[in-house]
Amino acid sequence: MKQTKEIVITGAGEVGSFAAQLLSENGHSVTVIDENADCLERLSQAVEAKMVLGSACHAHILSEAKVPSCDVMIAATSLDEINLLSGALGKQLGAKKVISRIHNRNYRTTGRFNYAKGLGIDHLIYPEELTARSICSHINDPGVMAIQSFARDQIELHQYRIDHKSKIANIPLKNIKLPEGLRIIKLRRDGQLILPDAKTEMLHNDIVTMIGPREKYAQIKGIFSHDKRKSKEVAIAGGSSTAEWVIAHLKNQNISIRLFEQNLDRAEELATNYDNITVLAADTLDVHTFESEHLERCSALLSLSDNQERNILIALQSKKLGVESTFAIIHNSTYLSALEEVGIDYCYSPRQEAAKELLRLMDDSPIRTVTTLGDGSFHVYEMTAQDGSAMGYKLEDVSFPRHAFIAAIQRSNMVFTPKATDCVFKDDILIIIGPEDIESTLMELYG
């Protein structure tokens, strides 16, 4: 049974309201702080939560909202600096855990200064970066069907469909050489689950689920689906914060990027900041611009402006005019499934990405199910090792649950794929793949 937490959210805007609704529905006690009485009133009609009127930068307002005794404080206003200041104040006042939502890439931890550590904030989350990372994974590996990240985003789970030109179709698994750390954990064939062994052959239309280090996937491009393209051209519509994160993630790759921004001043700013891309002050909704720039030749068009209606129109028009893959940022997450059905290949909601990350960061259980695979028969578990019976023993000497394995170990700031001769030590964070109902066995081994 999940423990009810006392949660304080600063900001009744889009992200704060969405978080309040989600957490309240999950049974937590929620308090929301905002300076705008109208925003609080609207939110109170939709969410069962306590509303506190005032500035989250004032200690007495935080105290009124019971921040000193809360389990989690989420700083989610629209201003990064307020989220950093209020987060620091909340931690000083006694909040057990503080999470601040940030837009600006300049606050990302660098060698010069760690803002989270320096201000005492437990976690900074970047919704736009989370979104950009998912987008870039699809661009880098066009055959991939689904992606999830674990262990500080250094371990990823991918799904692929094997097409009729695949290099590995009808070949036994033992004869397929995969990069170190990558592992095929299951197949889905005609609706049936298959747990592969060395003799298993992968057939056309099988859905393959893999897990391993994020950087290793670049080495298996094209083995599941045929892709003749040696380099890619990507067009980005809108010079938003998400667009900047995408540019950063695609840097140093064999990808040509053209960014279209209507606002001349913003276009000039982006052109100055990113000399590795082409920036044009133009509108991709203008058919003349589309045709003169031959955008139909692009492998992907990313509609990433802050206006979701424009993103929808641009993505739909681009698909109709011949773009291979279209991506759109949608701020209202209820539209996501519907828009994918009408022709947009990939739709993303930054607030939904942020909400998933919030739920992950809030869970303090020693072992928890991070996600389920396929029909739910397999799970991805995250576990913090404590004092179980297998602590300090080599993995090859541990009697692990059948069909389960440790996919990754996070030790301090290092994440690695373990070998049979590696051991698990106290406070290691384990990413475990296995069938359902093995929590008690895992707790005995490492809990």
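This structure is a prediction, so every number in the text was calculated from the model and none was measured.

The rules behind these values
Each chain carries its own residue numbering, running from 1 in the written order of its sequence. Given that the model is predicted, a residue must reach a pLDDT of at least 70 before its local features are reported, and side-chain atom pairs must reach 80 or more before they are shown or counted; all residues, however, enter totals for whole chains, interfaces and linings. The basis for every side-chain value is the complete set of heavy atoms in the structure, and neither hydrogens nor water enter the calculation. Residue exposure (1.4 Å probe, protein chains only): buried if accessible area is under 20% of the type maximum, exposed if over 50%, otherwise partly exposed. Strands are runs of DSSP state E lasting at least two residues, helices are runs of H or I lasting at least four, and both sets are numbered from the N terminus onward. At least two DSSP bridges between two strands are required for those strands to pair. Axis definition: a line fitted to C-alpha atoms, limited for helices to the stretch in contact. Angles are taken between N-to-C directions and run from 0 to 180 degrees. Contact definition: two residues touch when any of their heavy atoms are within 4.5 Å. Put simply, buried Ala, Val, Leu, Ile, Met, Phe, Trp, Tyr and Cys residues joined by side-chain atoms within 4.5 Å make one nonpolar core. Whenever Lys or Arg places a side-chain nitrogen within 4 Å of a carboxyl oxygen from Asp or Glu, that contact is recorded as a salt bridge. Every angle not falling under 35 degrees, over 145, or within 65 to 115 is termed oblique; those three ranges are roughly parallel, roughly antiparallel and roughly perpendicular. By convention the crossing between two helices is left-handed if the near helix lies anticlockwise of the far one by an angle smaller than a right angle, and right-handed if it lies clockwise. Note on residue classes: Ala, Val, Leu, Ile, Met, Phe, Trp, Tyr, Cys and Pro are nonpolar, Asp, Glu, Lys and Arg are charged, and everything else, Gly too, is polar.

(A) Geometry of the pairing of strand β22 (residues 429–435). Across the seven residues that make up β22, a large majority, six, are buried. Here strand β20 (residues 405–411) runs beside β22; their pairing, made up of five bridges, is antiparallel. Paired with Q410 across the two strands is I429, which belongs to β22.

(B) Broad picture of the sheet that holds strand β12 (residues 232–237). Read across the open sheet, the six strands follow the order β14-β13-β12-β15-β16-β17; overall the sheet is parallel. Among the strands making up the open sheet, the edge pair consists of β14 (278–280) and β17 (346–348). Geometrically, the sheet is characterised by an average inter-axis angle of 15° between neighbouring strands, direction not taken into account. Sheet analysis places β12 next to strand β13 (residues 255–260), joined by six bridges and oriented parallel. Residue pairing in the sheet places A235 in a bridge with R258 of β13.

(C) Broad picture of the side chain of S17. Relative to the helices and strands, S17 is located in helix α1 (residues 14–25). Setting aside residues up to four positions removed in sequence, S17 forms contacts with G11, A12 and L43.

(D) Fine view of the nonpolar core. With 44 residues, the main nonpolar core has I236 and L302 as its most contacted residues. Sorting the residues of this core by element identifies α3 (59–64), α6 (127–140), β12, α7 (241–250), β13, α8 (264–273), β15 (300–303) and β16 (325–329) as the ones contributing at least two each. The residues contacting L302, other than those within four sequence positions of it, are I135, I139, V234, A235, I236, A237, V246 and F327. Core analysis: the second largest hydrophobic core is formed by 22 residues, C39, L43, V47 and L361 among them.

(E) Up close: unusual backbone geometry. Despite not being glycine, K66 shows a phi value in the positive range, around 70°. Inspection of the secondary structure assignment puts K66 in the loop between α3 and β4 (72–75). With relative accessibility at 51%, the residue K66 sits in the exposed group. In the Ramachandran plot, H294 falls in the positive-phi region, its phi being about 50° despite a non-glycine side chain. Relative to the helices and strands, H294 resides in the loop between α9 (287–292) and β15.

(F) Region of the structure containing the pattern of salt bridges. Using the criterion set out here, one finds 14 salt bridges in the structure. Residue K419 pairs with E180 through a salt bridge whose shortest N-O separation is 3.4 Å. Note that K419 is positioned in the loop between β21 (414–416) and β22 and E180 in the loop between β8 (155–161) and β9 (183–189), a separation of 239 residues in sequence. K419 gets classed as partly exposed once you look at its relative accessible area, which sits at 47%.

(G) Here's a closer look at the packing of α1 against helix α12 (residues 350–362). Two numbers describe how α1 lies on α12: the axes approach to 10 Å, and their chain directions differ by 50°. It follows from the interaxial angle that α1 and α12 lie oblique. Relative to α12, the crossing made by α1 is right-handed. Contacts from E14, V15, F18, A19, L22 and L23 of α1 reach α12 at R351, Q352, A355, L358, L359 and M362. Residue classes in the contact of α1 with α12 are distributed as nine nonpolar, one polar and two charged.

So yeah, pure geometry; function would need other evidence.
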